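The chain contents come next:
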Amino acid sequence: MMVLMFQLVMIGAIVYFLLIRPQRKERQRHKEMLQKLVKGDRVVTNGGIVGQIVHVSESELTIKTGENTRIVVDRGYIARKVTDS
């Protein structure tokens, strides 16, 4: 019985350290990135649209994607911030 309990605990620990913990860290990093977005940042949406932020509100961002094209996107749909490198 003790061997079975030990195996179950070890399987639980492996699942936690290989799956759950890295996902939590990634989610926290993404949340921090979303909070730090400011006007002028270049971003990529989950749909693959690349643009520059021209207006920031608490829950939405206005992104300039072309010469005269602006779209309003919910902050949660920003996939990443584009770096200059």
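Each remark here, short or long, concerns the structure printed above.
Just so it is clear, the structure is predicted and the values come from calculations on it, not from any experiment.

**Q** Explain the pattern of salt bridges to me, and be specific about the residues and the numbers.
**A** If you walk through the whole model with that rule in mind, you get 2 salt bridges. Of the charged contacts in the structure, one is a salt bridge between Asp 41 and Lys 81, with a shortest N-O distance of 3.6 Å. Residue Asp 41 is found in the loop between α1 (2-35) and β1 (42-45), and its partner Lys 81 is found in strand β5 (residues 78-81); the two are separated by 40 residues along the sequence.

**Q** Now, about the pairing of strand β4 (residues 70-74): what can you tell me, with residues and values included?
**A** Relative to β4, strand β3 (residues 60-64) is paired through 5 bridges, and the arrangement is antiparallel. Residue pairing for β4: Leu 61 is matched across the bridge by Val 73. The hairpin formed by β3 and β4 contains 5 residues between the paired strands.

**Q** So, the side chain of Asp 41: which residues are in play, and what are the values?
**A** Under the relative-accessibility criterion, Asp 41 is labelled buried at 11%. Of note is the side chain of Asp 41, whose polar atom sits 3.0 Å from the backbone nitrogen of Val 38. Excluding residues within four positions of it along the chain, Asp 41 makes contact with Lys 36, Gly 51, Gln 52, Ile 53 and Lys 81.

**Q** Provide a residue-level description of the pairing of β1, including the pertinent values.
**A** Across a regular strand the side chains alternate sides, sitting on one face of the sheet and then on the other. With 3 bridges joining them, β1 and strand β2 (residues 50-56) adopt antiparallel strand pairing. What sits directly across from Arg 42, in β2, is Gln 52. Connecting β1 to the antiparallel partner β2 that follows it, the hairpin turn spans 4 residues, and Gly 48 within it adopts a positive phi of roughly 95°. Here β1 pairs with β5 via 3 bridges, running antiparallel.

Cut-off values and rules
Each chain carries its own residue numbering, running from 1 in the direction its sequence is written. With pLDDT at 70 or above as the cut-off, local features in this predicted model cover only qualifying residues; side-chain atom pairs require 80 or more to be listed or tallied, and sums for whole chains, interfaces and linings still use all residues. Side-chain figures throughout are based on the complete set of non-hydrogen atoms in the structure, without hydrogens or water. We define a salt bridge as a side-chain nitrogen of Lys or Arg found within 4 Å of a carboxyl oxygen belonging to Asp or Glu. Comment: elements are numbered from the N terminus, with helices defined as DSSP H or I runs of at least four residues and strands as E runs of at least two. Only strands that DSSP links by at least two bridges are regarded as paired with each other. In this scheme, a residue with accessible area under 20% of its type's maximum is buried, one over 50% is exposed, and one in between is partly exposed, where area comes from a 1.4 Å probe on protein chains only. Here a polar contact is recorded for every N or O atom pair within 3.5 Å, except that within protein the pair must consist of a potential hydrogen donor and a potential acceptor, and residues adjacent in sequence are included only if both atoms are side-chain atoms. In this analysis, two residues are considered to be in contact whenever any of their non-hydrogen atoms come within 4.5 Å of each other.

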